[in-house]
Each structure stands twice: as structure tokens, then as C-alpha cells.
Amino acid sequence: MVIPLITPATEGALLVPYPAMLDVPHEHVEHVAWLLYEHRQVRNTRWGKLGCCQQALLTLVHLRKNETFSQLGAGFGASQATAWRYVDETLDVLDSWAPGLHEALTGLGEGDHVIVAGTLIPTDRIAADEPYYSMKHRKHGMNVQVIARPDGTPLWFSRATPGRTHDLTTARAHGIIQACLTRQILVLADRAYQGAGATFRTPYYHHHEQPEHYQQSNRDHARPRAPGERAFTLLKSWRLLRQARCSTRRIGTIVQAVHTLLTCNYSGRKRLRTPNGMTSGVASR
């Protein structure tokens, strides 16, 4: 059995279906499906090419495997445009459930510490797109900041900024420094955040040229900060964020959508928002 793939670049090509597995918990599919169900109820959507569960699965496949919309559409029996529209809609729904900065820091205060770090989401861009070129990473991309717990569990991801933006500049722009200072939360960060002041603690530059106690201080700082990289490992386990082919304006939405999935606590019952701001419980079946 072959399925025609109709795109301007590969007109006349054929797709061969094959059995495959998606390495995400089934609860993720149910969670996203319930959010889509609530979204459709609010908008009074009466009919769609795919049901909520299929739409959720289509989006998770796109995020996890980074397949093109042509491949997704062929696999789910929909057109390329329909696959794009369903993915775009689902990402917006997930984005709306991602916690904000102040919400993510709720419950933390003096005596607690977090890890702040930045990463680059690589993108397909040409040399002329200078704002997106990171001199640190030597490639084009978008800068994303994370606030993580001491064990590396992500609390909050920032919106994406052009890759040329320095980590310290990005942290200031998103209000990370002020938010942590207000709550007196100790922050462990790398050398890119030197000069942040407030409650930020960073290692020394040129520590090999400094006395032994400077070197020991850097080693003591690196141990509790190292688990913060786990947050980016979790983020980039969704392959779409290893090499983004989409518009740079959508990368922030994708990061927030993935964060919603990473913080998903499925209990078989969803607290859904209604148009008047109230919540209602919907039992899963």
C-alpha cells in the first residue's frame, strides 16, 4: 500500500506506511485530548476531520518525531493544511496552560534555591539573519531560559528571543532577576550571568590562575548547578526542538506547549476552565 505525497517539492512521490510506536505515556494523549475537548466545547465546534484523541496524537507525533506536515497528514488521512491547522491549534491550547514566572515560583522563598540556565534552539536560517546567530554556539537559533529545581525539574521556561541575545540580557528582560530577588530565592547560574547581582551566585572567571580556594569554590558551585542541564535534556527529548524548521515566532509557543506536557500530572480527572473563568471537573473514561 502506498499513499501519494503531494507537495510542490516532491510532486508525485509516494509514502510507504509502516508500523511505529510513539515513546510518550498514553496519559499524555488523554491529557491533551481533554484539553482539546474543553477547547472545542468553549468554541462550540461541532465537527472536525479528526477527533480530539487523534488530534492530540497527531500533535505529539509532530513534537516528538519532528515529522513534516505532509507526512503527518498522509499518516492520519488528512491534508497537509489540515495537519498544520490541527497542530497549530493544539500548541495554542497547551501554551495557554503553561505557568507564568510568578506562578512557577509560588511556594519558594528565603532558604530555597533554584538553577537558572540558557540554551539555544537551533533553527534553519541563512547567514543574513544576523539577529538569530549565536556567537557562543556558532549557529542560528533562539535563546530560551529555564528556572529549574535543585534536581533539574523545570519550573518555568521563558519565551524565545533571538540567538544573538546574551543570557544575562535575556534574564533581565524576562524579569527573572527581580522575581528571585523579591522572594529572596538563591540562584545558581554559570559565568554568563556574572554581573546579575541580587541573589545570583556565579563561578569565578580564570579560576585556574587564582588561589586554590577560588578553584575549590568553583567546584563546590558546579556540583549543585549541574542537575540544571536535565531541564534542557527533557525539553529537547522532543525532537522538534533539536532543529526547528518552523517560524521563529512559533518557537516560544512550542516551548511553552512542551512545558505543559512536562508538568502534566494526570489523575484521571481534569479541572477544566469554563468561559466565565470557573473550573469544572470532567471524569475520564
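First, a word on what this report is: a plain description of the structure on this page. (Residues numbered from 1 in each chain as written. Predicted model: local features only at pLDDT ≥ 70, side-chain atom pairs only at ≥ 80, totals over all residues. Heavy atoms only, no water.)

## A few points about helix H8 (residues 212-225)
So, point 1. When the terminal C-alpha atoms of H8 are compared, their 20 Å separation across 14 residues agrees well with the 20 Å that a helix rising 1.5 Å per residue should span.
So, point 2. Regarding H8, the residues found buried are Gln215, Asn218 and His221. For H8, the arc enclosing every buried residue in end-on projection is 125°, short of the 170-degree limit, so these residues lie on one face. Those residues of H8 that are exposed and aimed more than 90 degrees away from the buried face are His213 and Arg223.
So, point 3. Summarising the contacts, the buried residues of H8 are in contact with strand S8 (186-188) and strand S9 (200-201). (Helix = DSSP H or I, 4+ residues; strand = E, 2+ residues; numbered from the N terminus. Expected span 1.5 Å × (residues − 1). Buried < 20%, exposed > 50% of the residue type's maximum accessible area, 1.4 Å probe, protein only. Arc of directions from axis to C-beta. Contact = heavy atoms within 4.5 Å.)

## So, the pattern of salt bridges
So, point 1. Applying the stated rule across the entire model yields 9 salt bridges.
So, point 2. Across the pair glutamate 212 and arginine 219 runs a salt bridge whose closest N-O atoms are separated by 2.7 Å.
So, point 3. By relative accessible area, arginine 219 is classed as partly exposed at 35%.
So, point 4. Overlapping salt bridges, with partners in common, bring together Asp88, Asp92 and Arg250 in one network. (Salt bridge = Lys/Arg side-chain N within 4 Å of Asp/Glu carboxyl O.)

## Here we look at the packing of aromatic side chains
So, point 1. Tallied over the entire structure, the rule returns 3 aromatic pairs.
So, point 2. Here tryptophan 34 and tyrosine 37 contribute two aromatic rings whose centre-to-centre distance is 5.5 Å and whose plane-to-plane angle is 90°, an arrangement assigned as edge-to-face. Note that tryptophan 34 and tyrosine 37 are positioned in helix H1 (residues 26-43) at a spacing of 3 residues, about one turn of the helix.
So, point 3. A ring pair is formed by tyrosine 193 and phenylalanine 200, whose centres lie 6.0 Å apart and whose planes are at 35°; its orientation type is tilted.
So, point 4. Between the NZ or CZ atom of arginine 64 and the centre of the ring of tryptophan 238, over which it lies, the distance is 4.6 Å. (Phe/Tyr/Trp six-rings, centres within 6.5 Å; stacked < 30°, edge-to-face > 60°. Lys NZ or Arg CZ within 6 Å of the ring centre and 35° of its normal.)

## Overview of the nonpolar core
So, point 1. Ranked by size, the top nonpolar core spans 43 residues in total, and within it Leu58 and Leu235 carry the most contacts.
So, point 2. The set of elements that each furnish at least two residues to this core consists of H1, helix H2 (52-65), helix H3 (69-76), helix H4 (80-96), strand S3 (113-122), strand S5 (139-148), helix H9 (229-235) and helix H10 (248-262).
So, point 3. Excluding its chain neighbours within four sequence positions, the residues that come into contact with leucine 235 are Ile121, Phe157, Leu241, Val255, Val258 and Leu262.
So, point 4. Counting 22 residues, the second largest nonpolar core, distinct from the first, contains Val114, Leu155, Ile177 and Phe200. (Core = buried A, V, L, I, M, F, W, Y, C linked by side-chain atoms within 4.5 Å.)

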